[in-house]
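Coordinates in review
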Protein chains: 2
Amino acid sequence: MTSETHPIPVDATAPVGFHKHDHDTCVQTALGAAEAQCKQDGLRLTPVRRKVLEMLLQEHRALGAYAILDRLRDAGFGSQPPVAYRALDFLVQNGFVHKIERLNAFVACSHPGAEHSPAFMICRKCDAVAEAKSAPAKGILGAAARAVGFEIERTVVEAEGICPDCTEKA
Amino acid sequence: MTSETHPIPVDATAPVGFHKHDHDTCVQTALGAAEAQCKQDGLRLTPVRRKVLEMLLQEHRALGAYAILDRLRDAGFGSQPPVAYRALDFLVQNGFVHKIERLNAFVACSHPGAEHSPAFMICRKCDAVAEAKSAPAKGILGAAARAVGFEIERTVVEAEGICPDCTEKA
DNA sequence: CTTGTCATGTTATTCCATATCATGTATGCC
DNA sequence: GGCATACATGATATGGAATAACATGACAAG
Ligand SMILES: [Zn+2]
Ligand SMILES: [Zn+2]
Ligand SMILES: [Zn+2]
Ligand SMILES: [Zn+2]
């Protein structure tokens, strides 16, 4: 959107999404990182996949599959659900995008590259989404799982509430 | 599109927490507790609502809204989605039932009465669901939220993995 | 009896997700 | 080059989740 030159130092451990930042840089950096990682890992970041990732980075919030599909159609790609879902599957599978279960929607990863189990903060007023790191298996849940012999493979951690912006406005 | 019968892929397999227990007692106790609490709080546990809660307690696993709807129809209640969703809204709102976001399904609460933010362990093999308590705002996520000024109102904590039963079988 | 409120029922539509088949395209082997 | 294979894409169709919009029934105050 705005191409202001106020480079926000991207602290890789800080949650992203609730504060202003240089968005163009943010998008370009992430796209570049994705391309590099794909090249390195022998993954194919094809046009559709790249476009979907770019859209999600651009929006910087969670988009439903059909919103993504609309944008794909506008960009001249296929217009049927599987086109979007396949691209999303690839991106989620390889850690470039996360699914927000609470919203049935998808958001670009804010900490690309590193292995991590993300946690999200979702504003119920403005639908902003911020990603933080989590260590779910370390806490009470991990203890409970060990106690009953449940083997955790993946966790969904999503907090719903009010973002700082919406709090100010009230 | 006419009023044909709906195919119901009902899988009536074993109910599950992750350990055996006296199920009839379990159901009766929970139903009784719900009735008591509703009476105390001036809530109306109407026939549909009671039936839905009873079904979920009986199954002791997560059921999708349309599976619930099928059972409601069989029991002589309304057969359209809003009937099920309204009853589920009431039960979730008042803490008798939880929604499993990962499955888009609903499960009866295992710790009725007490205020709690539940965490769930979901087996990806057999769809068993166990409820544990969580303290999400106490850990890393809580710290991240305070750091950015996000006000947490509710949390979704769901772990996906393999339950002890399925681990044994392998 | 009238009014207001809540629960229920019905119709219809929108959104999320996947199964299936057909077509295209890169890549590696002959 | 010609061909086999895997994989990516495209299009059709369908199923499942969720809600909008509207109508009816029960019931308690006034
Ligand atoms: Zn991430
Ligand atoms: Zn907000
Ligand atoms: Zn509970
Ligand atoms: Zn299992």
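Thresholds, definitions, all that
- Residues numbered from 1 in each chain as written.
- Chains lettered and ligands numbered in written order.
- Predicted model: local features only at pLDDT ≥ 70, side-chain atom pairs only at ≥ 80, totals over all residues.
- Heavy atoms only, no water.
- UniProt positions renumbered as here; feature names shortened; annotations may be inferred.
- Helix = DSSP H or I, 4+ residues; strand = E, 2+ residues; numbered from the N terminus.
- Contact = heavy atoms within 4.5 Å.
- Least-squares fit on C-alpha atoms with pLDDT ≥ 70 in both.
- Near = heavy atom within 4 Å.
- Polar contact = N/O pair within 3.5 Å; in protein donor to acceptor, adjacent residues only side chain to side chain.
- Nonpolar A, V, L, I, M, F, W, Y, C, P; charged D, E, K, R; others polar.
- Buried area = accessible area lost by both parts, 1.4 Å probe.
- Salt bridge = Lys/Arg side-chain N within 4 Å of Asp/Glu carboxyl O.
- Pairing = 2+ DSSP bridges.
- Donors = N, O, S within 2.8 Å, 3.2 Å for Na, K, Ca; no water.
- Tetrahedral: all angles 85-135°; square planar, octahedral: opposite > 155°, others 65-115°.
- Buried < 20%, exposed > 50% of the residue type's maximum accessible area, 1.4 Å probe, protein only.

As annotated in an unreviewed UniProt entry, chain A carries the name Fur family transcriptional regulator and comes from Ruegeria profundi. Turning to chain A, the UniProt record has this under Sequence similarities (unreviewed entry): "Belongs to the Fur family."

Points about the UniProt feature "binding site: Zn(2+)" (unreviewed entry) in chain A
According to UniProt, the "binding site: Zn(2+)" (unreviewed entry) feature falls on Cys123(A), Cys126(A), Cys163(A) and Cys166(A). A maximum C-alpha distance of 8.2 Å among these annotated residues, which run over 44 residues, shows that they cluster at one spot. Examined against the element boundaries, Cys126(A) turns out to sit in the loop between β3 (117–123) and β4 (129–134). When near neighbours in sequence (up to four residues on either side) are disregarded, Cys126(A) contacts Cys163(A) and Cys166(A). Relative to the helices and strands, Cys163(A) is located in the loop between β5 (151–162) and α6 (164–169). Setting aside residues up to four positions removed in sequence, Cys163(A) forms contacts with Phe18(A), Cys123(A), Cys126(A), Gly149(B) and Phe150(B).

Focus: the relation of the copies chain A and chain B
Put simply, the two copies of the chain differ by a rotation about an axis and a shift along that axis. Its rotation angle being 179 degrees, the transformation that places chain A on chain B also includes 0.1 Å of axial translation and leaves an RMSD of 0.2 Å. Accordingly, the operation relating the two chain copies is best matched by a two-fold axis. If distances are taken from each C-alpha of chain A to the rotation axis, the shortest is found for Val157(A), at 2.3 Å. Both copies share a contact surface, since 97% of the interface residues of chain A are interface residues in chain B too.

Considering the protein's contact with DNA strand C
Not every one of the 16 residues close to DNA strand C is listed here, only the nearest: Tyr85(A), Lys99(A), Thr46(B), Val48(B) and Arg86(B). Taken together, the sugar and phosphate atoms account for 48% of what DNA strand C places within 4 Å of the protein. Here a base nitrogen of DNA strand C sits 3.0 Å away from a polar atom, N or O, in the side chain of Tyr66(A). At a separation of 3.2 Å, a phosphate oxygen of DNA strand C approaches a polar side-chain atom of Arg49(B). Looking at the surface near DNA strand C, the elements that each hand over two or more residues are α4 (81–93) of chain A together with α2 (47–59) and α4 (81–93) of chain B. The class makeup of the residues in the surface near DNA strand C is seven nonpolar, five polar and four charged.

Regarding the interface of chain A and chain B
Facing 35 residues of chain A, the contacting portion of chain B comprises 34 residues. Contact between chain A and chain B buries roughly 2,900 Å² in total, counting both sides, with carbon and sulfur atoms accounting for 62%. Per-residue buried area on chain A facing chain B is highest for Leu141(A), Phe150(A) and Glu153(A); these three make up 21% of the total on that side. Summed over the shared surface of chain A and chain B, the number is six salt bridges. Here Glu101(A) ties to Arg102(B) by a salt bridge, and the two come within 3.0 Å at their closest N and O atoms. Seen at the junction of chain A and chain B, the total is twelve residue pairs in polar contact (both at pLDDT 80 or more). At the level of secondary structure, the elements contributing two or more residues to the side of chain A that touches chain B comprise β3, β4, α5 (140–148), β5 and α6 of chain A. Of the residues forming the side of chain A that touches chain B, the biggest block, twelve residues, is contributed by β5(A). Looking at the side of chain A that touches chain B residue by residue, the class counts come to 21 nonpolar, five polar and nine charged. Relative to strand β5 (residues 151–162) of chain B, β5(A) runs antiparallel, the two sharing eleven bridges. What sits directly across from Glu160(A), in β5(B), is Arg154(B).

Some points on the coordination of the zinc ion (ligand 3)
Ideal coordination angles are 109.5 degrees for a metal with four donors arranged tetrahedrally and 90 or 180 degrees for a metal with six donors arranged octahedrally. All names here are of chain B. In this structure, His98 (NE2), Cys109 (SG), His116 (NE2) and Glu131 (OE) serve as the protein donors to the zinc ion (ligand 3), at separations of 1.9 to 2.2 Å. The site at the zinc ion (ligand 3) holds four donor atoms, and with the angles between them running 102 to 134 degrees, its shape is tetrahedral. Between consecutive donors of the zinc ion (ligand 3), the numbers of intervening residues give the motif H-x10-C-x6-H-x14-E. Within this pair, whereas His98 is found in strand β1 (residues 97–100), its partner Glu131 is found in strand β4 (residues 129–134), the two being separated by 33 residues in sequence.

Overview of the pairing of β3(A)
Residues and elements named next belong to chain A. When you tally the buried positions in β3, you get six out of seven residues, the bulk of the element. Two elements, β3 and β4, share six bridges in a ladder whose sense is antiparallel. Each residue of the ladder has a partner; that of Pro118, found in β4, is Lys133. Counting the residues in the hairpin turn of β3 and β4 gives five residues, including Asp127, whose phi is positive at 65 degrees. Strand direction decides the pairing type here: β3 and β5, joined by five bridges, are parallel. Bridging across to β5, Met121 finds its partner in Ala159.

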